[in-house]
Amino acid sequence: MKKQIIRLSDFFSKSSSSRDAVRNVFDLNEDLRNDLIIDFDKIEFITRSAADELLKEKLRVEMQYEISVQFISVPTAVLRMLDSVSASSKKSSLLLREMQLAPLSDLRIFLQQF
């Protein structure tokens, strides 16, 4: 199956701070037939509410479209926020454990294949 890359830096500057902003990323891609790769490159911070929405939207998209959503180039600060949110939510906690997270170096290797 093909993979579609969504670069969060195309939607946000260096941070994401609202649920609506995260929802818009997924709403703009409603014709989802391919697995998604959410690229966090150039994103330095994400608020707790945006992290919560991101995990909820990931689950919704995976269930509704029967595709996988992978996060790559996740900075430490963002990963900590996702961990924090997932620790406070059983649904999100299960999600984060199953998520595939990849460092920036893996993205470069992945992109060289194309």
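The following refers to the structure shown. Everything numeric in this text was worked out from a predicted model, so none of it was measured. (Residues numbered from 1 in each chain as written. Predicted model: local features only at pLDDT ≥ 70, side-chain atom pairs only at ≥ 80, totals over all residues. Heavy atoms only, no water.)

**Things to note about the pattern of salt bridges**
Reasoning step 1: A full pass over the atoms with the stated rule returns seven salt bridges.
Reasoning step 2: In this structure, Asp-52 engages Arg-19 in a salt bridge whose closest nitrogen and oxygen atoms are separated by 2.9 Å. Here Asp-52 is found in helix H2 (residues 48-65), whereas its partner Arg-19 is found in helix H1 (residues 19-27), with 33 residues between them in sequence.
Reasoning step 3: A relative accessible area of 29% means that Arg-19 is categorised as partly exposed. (Salt bridge = Lys/Arg side-chain N within 4 Å of Asp/Glu carboxyl O. Helix = DSSP H or I, 4+ residues; strand = E, 2+ residues; numbered from the N terminus. Buried < 20%, exposed > 50% of the residue type's maximum accessible area, 1.4 Å probe, protein only.)

**Points about H2**
Reasoning step 1: Here H2 spans 26 Å end to end across 18 residues, near enough to the 26 Å set by a 1.5 Å rise per residue.
Reasoning step 2: The set of residues buried in H2 consists of Ala-50, Ala-51, Asp-52, Glu-53, Leu-54, Leu-55, Glu-57, Lys-58, Val-61 and Glu-62.
Reasoning step 3: Once H2 finishes, Glu-66 follows within two positions and takes phi at roughly 55°, a positive value. (Expected span 1.5 Å × (residues − 1).)

**Some remarks on unusual backbone geometry**
Reasoning step 1: Despite not being glycine, Lys-42 has its phi angle at roughly 75°, a positive value.
Reasoning step 2: For Lys-42, the location among the structural elements is in the loop between strand E3 (35-39) and strand E4 (45-46).
Reasoning step 3: The exposure class of Lys-42 is exposed, given its relative accessible area of 59%.
Reasoning step 4: Unlike most non-glycine residues, Glu-66 shows phi in positive territory, near 55°.
Reasoning step 5: Tracing the sequence through the fold places Glu-66 in the loop between H2 and strand E5 (69-72).
Reasoning step 6: The exposure class of Glu-66 is exposed, given its relative accessible area of 71%.

**Structural notes on the pairing of E5**
Regular strands place side chains that alternate from one sheet face to the opposite one.
Reasoning step 1: On E5, burial covers both faces: Val-69 and Phe-71 on one face and Gln-70 and Ile-72 on the other are all buried.
Reasoning step 2: Sheet topology note: the E3/E5 ladder contains four bridges and is parallel. Paired with Ile-37 across the bridge in E5 is Gln-70. (Pairing = 2+ DSSP bridges.)

Don't take any of this as a statement about function, it's just geometry.
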